[in-house]
Amino acid sequence: MQHHKWRTIIIISSTESLWFETRQGFGQQLEAASIKMLKPAAFEPGHIKDTMLREIRQSGIRIVAVLAYDADTQTVASFAYRDGMSAGFAWILPRSEGLPVPALLGWIWVKPLLASKGMQAFT
(Lines give C-alpha, C1' and ligand atoms only; values in the text may rest on other atoms or scores of the structure.)
Protein backbone atom coordinates (compact mmCIF):
# COMPACT_ATOMS: atom_id res chain seq x y z
CA MET A 1 0.00 0.00 0.00
CA GLN A 2 2.88 2.35 0.72
CA HIS A 3 4.42 1.60 -2.69
CA HIS A 4 1.27 2.89 -4.44
CA LYS A 5 0.84 5.72 -1.91
CA TRP A 6 -2.57 4.43 -0.88
CA ARG A 7 -3.39 6.34 2.30
CA THR A 8 -7.01 5.42 3.00
CA ILE A 9 -8.73 2.04 3.07
CA ILE A 10 -12.08 0.55 4.00
CA ILE A 11 -12.23 -2.92 5.53
CA ILE A 12 -15.28 -5.14 5.15
CA SER A 13 -15.23 -8.04 7.56
CA SER A 14 -17.32 -10.84 8.87
CA THR A 15 -18.19 -10.70 12.56
CA GLU A 16 -16.84 -14.26 12.83
CA SER A 17 -14.13 -14.13 15.53
CA LEU A 18 -11.28 -15.09 13.17
CA TRP A 19 -12.03 -12.22 10.81
CA PHE A 20 -12.90 -9.75 13.56
CA GLU A 21 -9.52 -10.33 15.19
CA THR A 22 -7.78 -10.21 11.81
CA ARG A 23 -9.42 -6.85 11.14
CA GLN A 24 -8.16 -5.48 14.45
CA GLY A 25 -4.60 -6.63 13.76
CA PHE A 26 -4.70 -5.37 10.18
CA GLY A 27 -6.02 -2.04 11.41
CA GLN A 28 -3.13 -1.71 13.85
CA GLN A 29 -0.62 -2.43 11.08
CA LEU A 30 -2.27 0.13 8.83
CA GLU A 31 -2.22 2.72 11.57
CA ALA A 32 1.49 2.06 12.20
CA ALA A 33 2.10 2.64 8.47
CA SER A 34 0.16 5.97 8.57
CA ILE A 35 -2.66 4.55 6.47
CA LYS A 36 -6.10 5.74 7.52
CA MET A 37 -8.76 3.08 7.93
CA LEU A 38 -12.28 4.40 7.57
CA LYS A 39 -15.01 3.02 9.77
CA PRO A 40 -14.92 -0.71 9.09
CA ALA A 41 -18.08 -2.35 7.83
CA ALA A 42 -19.00 -5.62 9.54
CA PHE A 43 -21.65 -8.14 8.65
CA GLU A 44 -23.02 -11.34 10.10
CA PRO A 45 -21.85 -14.36 8.10
CA GLY A 46 -24.30 -15.03 5.27
CA HIS A 47 -26.06 -11.68 5.70
CA ILE A 48 -24.28 -9.20 3.46
CA LYS A 49 -26.34 -6.20 2.41
CA ASP A 50 -25.67 -4.67 -0.96
CA THR A 51 -26.30 -1.23 0.59
CA MET A 52 -22.90 -1.64 2.28
CA LEU A 53 -21.21 -1.57 -1.13
CA ARG A 54 -23.24 1.43 -2.26
CA GLU A 55 -22.03 3.34 0.80
CA ILE A 56 -18.44 2.41 -0.07
CA ARG A 57 -18.88 3.62 -3.65
CA GLN A 58 -20.37 6.91 -2.41
CA SER A 59 -17.49 7.42 0.05
CA GLY A 60 -15.01 7.90 -2.78
CA ILE A 61 -12.55 5.43 -1.26
CA ARG A 62 -11.38 2.91 -3.81
CA ILE A 63 -9.21 0.59 -1.70
CA VAL A 64 -11.27 -2.14 -0.01
CA ALA A 65 -10.07 -5.14 2.00
CA VAL A 66 -12.47 -8.06 2.43
CA LEU A 67 -11.96 -10.31 5.44
CA ALA A 68 -14.45 -13.17 5.31
CA TYR A 69 -14.89 -16.82 4.49
CA ASP A 70 -15.20 -17.89 0.85
CA ALA A 71 -19.00 -17.79 0.51
CA ASP A 72 -19.25 -14.27 1.90
CA THR A 73 -16.28 -13.10 -0.18
CA GLN A 74 -17.98 -14.44 -3.30
CA THR A 75 -21.17 -12.57 -2.39
CA VAL A 76 -19.26 -9.30 -1.93
CA ALA A 77 -17.50 -9.88 -5.26
CA SER A 78 -20.80 -10.55 -7.01
CA PHE A 79 -22.37 -7.37 -5.62
CA ALA A 80 -19.27 -5.34 -6.55
CA TYR A 81 -19.23 -6.77 -10.07
CA ARG A 82 -22.95 -6.18 -10.53
CA ASP A 83 -22.66 -2.58 -9.32
CA GLY A 84 -19.70 -1.76 -11.57
CA MET A 85 -17.23 -1.60 -8.70
CA SER A 86 -14.59 -3.81 -10.29
CA ALA A 87 -12.77 -1.28 -12.47
CA GLY A 88 -11.21 1.62 -10.58
CA PHE A 89 -11.20 -0.20 -7.24
CA ALA A 90 -8.47 -2.19 -5.53
CA TRP A 91 -10.06 -5.16 -3.75
CA ILE A 92 -7.72 -6.93 -1.34
CA LEU A 93 -8.13 -10.45 0.03
CA PRO A 94 -5.95 -12.26 2.57
CA ARG A 95 -5.76 -15.48 0.53
CA SER A 96 -6.69 -16.90 -2.85
CA GLU A 97 -7.31 -20.61 -2.55
CA GLY A 98 -10.74 -21.94 -3.39
CA LEU A 99 -12.20 -18.83 -5.02
CA PRO A 100 -12.41 -19.39 -8.80
CA VAL A 101 -15.17 -16.82 -9.31
CA PRO A 102 -15.15 -14.59 -12.42
CA ALA A 103 -16.22 -11.58 -10.32
CA LEU A 104 -12.89 -11.87 -8.44
CA LEU A 105 -10.73 -11.35 -11.53
CA GLY A 106 -8.35 -8.50 -10.89
CA TRP A 107 -8.62 -8.66 -7.11
CA ILE A 108 -5.38 -8.47 -5.11
CA TRP A 109 -4.36 -11.50 -3.08
CA VAL A 110 -2.06 -10.91 -0.12
CA LYS A 111 0.19 -13.84 0.62
CA PRO A 112 2.59 -13.75 3.56
CA LEU A 113 6.05 -15.00 2.74
CA LEU A 114 8.12 -16.96 5.17
CA ALA A 115 10.99 -14.95 6.53
CA SER A 116 14.31 -15.78 4.93
CA LYS A 117 17.76 -14.31 5.00
CA GLY A 118 17.53 -10.73 3.79
CA MET A 119 13.72 -10.65 3.54
CA GLN A 120 12.09 -8.05 5.75
CA ALA A 121 8.58 -7.77 4.32
CA PHE A 122 5.75 -9.73 2.81
CA THR A 123 3.90 -9.36 -0.42
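That block above? That's the structure.
Just so it is clear, the structure is predicted and the values come from calculations on it, not from any experiment. (Residues numbered from 1 in each chain as written. Predicted model: local features only at pLDDT ≥ 70, side-chain atom pairs only at ≥ 80, totals over all residues. Heavy atoms only, no water.)

1. Describing the pattern of salt bridges
Stage number 1. Counting across every chain of the model gives one salt bridge.
Stage number 2. Where Asp83 meets Arg82, a salt bridge forms, and the shortest distance between an N and an O atom there is 2.9 Å. (Salt bridge = Lys/Arg side-chain N within 4 Å of Asp/Glu carboxyl O.)

2. A closer look at the pairing of strand 1 (residues 8–14)
Stage number 1. Across the seven residues of strand 1, six count as buried, placing the element largely inside the fold.
Stage number 2. Judged from the two bridges that link them, strand 1 and strand 2 (residues 36–37) form a sheet pairing that is parallel. Considered in strand 2, the bridge of Ile9 is made with Met37.
Stage number 3. Relative to strand 4 (residues 63–67), strand 1 is paired through four bridges, and the arrangement is parallel. Within the sheet, the bridge partner assigned to Ser13 lies in strand 4 and is Leu67. (Buried < 20%, exposed > 50% of the residue type's maximum accessible area, 1.4 Å probe, protein only. Helix = DSSP H or I, 4+ residues; strand = E, 2+ residues; numbered from the N terminus. Pairing = 2+ DSSP bridges.)

3. Description of the side chain of Ser14
Stage number 1. Examined against the element boundaries, Ser14 turns out to sit in strand 1.
Stage number 2. Judged by relative accessible area, which is 1%, Ser14 ranks as buried.
Stage number 3. Within the structure, Ser14 has its side chain in polar contact with the backbone nitrogen of Glu16 (distance 3.0 Å).
Stage number 4. When near neighbours in sequence (up to four residues on either side) are disregarded, Ser14 contacts Trp19, Phe20, Phe43, Pro45, Leu67 and Ala68. (Polar contact = N/O pair within 3.5 Å; in protein donor to acceptor, adjacent residues only side chain to side chain. Contact = heavy atoms within 4.5 Å.)

4. Some remarks on the packing of aromatic side chains
Stage number 1. Enumeration according to the criterion identifies two aromatic pairs in this entry.
Stage number 2. Note on Trp19 and Tyr69: the rings are 5.6 Å apart at their centroids and 80° apart in plane angle, and the pair reads as edge-to-face. Residue Trp19 is found in helix 1 (residues 17–32), and its partner Tyr69 is found in the loop between strand 4 and helix 3 (70–82); the two are separated by 50 residues along the sequence.
Stage number 3. With relative accessibility at 5%, the residue Trp19 sits in the buried group. (Phe/Tyr/Trp six-rings, centres within 6.5 Å; stacked < 30°, edge-to-face > 60°.)

5. Quick notes on the nonpolar core
Stage number 1. Of all hydrophobic cores here, the largest spans 22 residues; its most connected members are Ile12, Val66, Val76, Trp91 and Trp107.
Stage number 2. When residues of this core are traced back to their parent elements, those giving at least two are strand 1, strand 3 (41–43), helix 2 (50–59), strand 4, helix 3 and strand 5 (90–93).
Stage number 3. With four residues, helix 3 is the largest single contributor of residues to this core.
Stage number 4. The next biggest cluster of nonpolar side chains, apart from the first, holds 11 residues, and it includes Ile9, Ile35, Leu67 and Ile92. (Core = buried A, V, L, I, M, F, W, Y, C linked by side-chain atoms within 4.5 Å.)

6. A look at unusual backbone geometry
Stage number 1. For Ser34, which is not glycine, the phi torsion reads 60° and is therefore positive.
Stage number 2. Following the sequence through the fold, Ser34 ends up in the loop between helix 1 and strand 2.

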